[in-house]
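Working through the structure, step by step
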Amino acid sequence: MVPVAESKHGGTPAGIASERWQEVLEALAGMIPSGAACRIDGDGGDTAMVADGLAAVLSAAGRPCLRVDGVDAHPGTAEGTVTVAAGRSRSSSEGSQVVIWLSGRHTGGTSRDDEELRAHVVVDLHDPDWPVIRHVALPLAGRSRWYVTESRAFFARRAATWDGKYGDDMPAYAAAIDESGIPPGGIALDVGCGTGRALPALRAAVGPSGQVIGVDLTPQMLHVAQRSGRAEDAVLLLADACHLPLVDGSVHAVFAAGLINHLPHLAGGIGELARVTRPGGRLIIFHPSGRAVQLARHGRTPRPDDPLERGPLSALLSRTGWRLDGYDDPPHRFLAQAVRT
């Protein structure tokens, strides 16, 4: 083990010295408890370089840190010292480590899927120059809202080209909404509305006496929704899906397209959707591709414990104030419907 101050890099390595990388490293450093053993692993990047960078950030913040040679980190010998290692663990003490997983362009393999699912933190490196923290285990996240910065980092740079890439799926949105039983004259809430592709269909569903509200966390996405004209008959709110600025039981239907995988805590997020929905109201969880198709794009296959599998999803909804009453997962779409209990 060598002190970070003596590292040959002498600071954050050049390969991860961008402002975005610095933001991510500082966020990770803030999550790591004093005295923790931390290991960087994954299939998406140079784990040693990221370990060097994280150790440099910890050291620069005045926190005692040792960059460990080899793949296994152990609690520091000095009180409060964080140890940082890189690579795949070969130690039986793995369970005591804080594991940060770098997720890249997946090439398949159930064991690597399992390791990613067990990691305390997952950093998305599909774009190596623009890392995004995708998952933080609750004990590390605490009460922080880390996901606000990270979601905006992911979507802001994609907003201007989003419709060019996905805009032709609006008929699929309209078809899903048309069969979802949203009551005319009701209030429909589109959570994670993005560029507003569902807003016209929601307006048609509730009719002239109803109201449509679009909520998104990213200002750039809402700007595109406004500019496109799709939000002319809707109220747009810049807000967090996990902390909606709406009173209890105020909406008749919640539409959530592609939202679930971006919630930092599934039960908490879906429970918040339940809070703002009146009894008997509808929840529509939608994606314009089936789950198998979505997963195949990342080299993965459906797992029985996936949160959107019928069984786990039904159980999750039951715990959070909903009852699953429709489930459709063919290749061309995913549509699950639930009733507020």
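Check the entry above for the structure.
All chains use their own residue numbering, which begins from 1 and follows the written sequence. The predicted nature of this model means local features are confined to residues of pLDDT at least 70 and side-chain atom pairs, given and counted, to a pLDDT of 80 or more, with totals for whole chains, interfaces and linings taken over all residues. Derived side-chain values reflect all non-hydrogen atoms in the structure, with water molecules and hydrogen atoms excluded from consideration.

Turning to the sheet that holds strand E9 (residues 211-216), a few remarks are in order. Here a strand pair is declared whenever DSSP counts at least two bridges between the two strands. By the criteria applied, helices consist of DSSP H or I runs no shorter than four residues and strands consist of E runs no shorter than two, each listed in order from the N terminus. Taken in spatial order, the 7 strands of this open sheet run E10-E9-E8-E11-E12-E14-E13, and their pairing is mixed. Looking at the sheet topology across the chains shown, the edges are occupied by strand E10 (235-238) and strand E13 (322-328). Averaged over all adjacent pairs, the angle separating strand axes in this sheet is 20 degrees, with direction ignored. Two strands pair when backbone bridges link them, and strand E8 (residues 187-191) and strand E11 (residues 251-257) are joined in this way by 3 bridges, in the parallel orientation. Following the sheet pairing, Ala188 is matched in E11 by Ala253. In what follows, a contact means two residues having at least one pair of non-hydrogen atoms within 4.5 Å. Simply put, an axis is a line fit to the C-alpha atoms, just over the touching stretch for a helix, and the angle between two N-to-C directions goes from 0 to 180 degrees. Against the sheet, helix H9 (residues 219-228) makes contact with E9 and E10, and its axis sits at roughly 165 degrees relative to E10, the strand it touches most.

This brings us to empty space enclosed by the protein. Grid points spaced at 1 Å over the protein atoms alone were grouped into cavities, where a 1.4 Å probe fits but cannot get out, and pockets, open sets with protein on both sides within 12 Å along at least five of seven lines, with lining residues defined by an atom within 4 Å of a point. Grid points are joined across faces, edges and corners, and a volume is the space filled by probe spheres set on the points. Following the criterion strictly, the structure yields 2 cavities of 30 Å³ or more and no others. Computed from the structure, the largest cavity encloses a volume of approximately 100 Å³. Residue assignment for the lining of the largest cavity shows that the elements contributing at least two residues are strand E7 (132-136) and helix H5 (146-156). Sorting elements by how many residues they give to the lining of the largest cavity places H5 first, with 5 residues. In this structure, the second largest cavity occupies an estimated 70 Å³ of space. Every residue lining the second largest cavity is listed: Ala256, Gly258, Leu259, Ile260, Asn261, Ile285, Phe286, His287, Gln294, Leu308 and Phe334.

Moving on, we come to the packing of helix H7 (residues 170-178) against helix H8 (residues 199-206). Packing of H7 against H8 brings their axes to within 9 Å, and their N-to-C directions diverge by 25 degrees. Classed by the angle they form, the pair H7 and H8 counts as roughly parallel. Relative to H8, the crossing made by H7 is right-handed. From H7, Met170, Ala174 and Ile177 reach across to H8, where they touch Pro200, Ala201, Leu202 and Ala205. Tallied by class, residues from the contact of H7 with H8 come to 7 nonpolar, no polar and no charged. Convention used here: angles under 35 degrees read as roughly parallel, angles over 145 as roughly antiparallel, angles from 65 to 115 as roughly perpendicular, and any remaining angle as oblique. Crossings are classed by handedness, with left-handed meaning an anticlockwise turn of the near helix from the far one by less than a right angle and right-handed meaning a clockwise turn. Residues are grouped as follows: Ala, Val, Leu, Ile, Met, Phe, Trp, Tyr, Cys and Pro are nonpolar; Asp, Glu, Lys and Arg are charged; all remaining types, including Gly, are polar.

A separate point is the pairing of strand E5 (residues 98-103). Put simply, side chains in a regular strand alternate between the two faces of the sheet. Buried residues dominate E5, accounting for 6 of its 6 residues. Relative to E5, strand E2 (residues 37-42) is paired through 5 bridges, and the arrangement is parallel. Paired with Cys38 across the strands is Val98, a residue of E5. Note that E5 and strand E6 (residues 121-124) share 4 bridges and pair parallel. Residue pairing in the sheet places Leu102 in a bridge with Val123 of E6. Burial status follows relative accessibility: with a 1.4 Å probe on protein chains alone, a residue under 20% of its type maximum counts as buried, one over 50% as exposed, and anything between as partly exposed.

This paragraph deals with the layout of surface pockets. Estimated volume of the second largest pocket: approximately 270 Å³. Forming the walls of the second largest pocket are 16 residues, and the residues nearest its centre are Gly142, Ser144, Tyr147, His243 and Pro264. For the lining of the second largest pocket, the secondary-structure elements that each account for two or more residues are helix H4 (138-141), H5 and helix H10 (266-275). At 3 residues, the largest contribution of residues to the lining of the second largest pocket is made by H10.

The term nonpolar core refers to a set of buried residues drawn from Ala, Val, Leu, Ile, Met, Phe, Trp, Tyr and Cys, joined through side-chain atoms within 4.5 Å. If you look at the biggest cluster of nonpolar residues, it comprises 66 residues, and the most contacted ones within it are Leu54, Val84 and Leu189. Leave out the neighbours within four places in its chain, and Leu54 touches Leu25, Leu28, Ala29, Ile32, Cys38, Ile40, Val84 and Ile100. Grouped together as the second largest cluster of nonpolar side chains are 19 residues, Ala176, Ala198, Val212 and Phe255 included.

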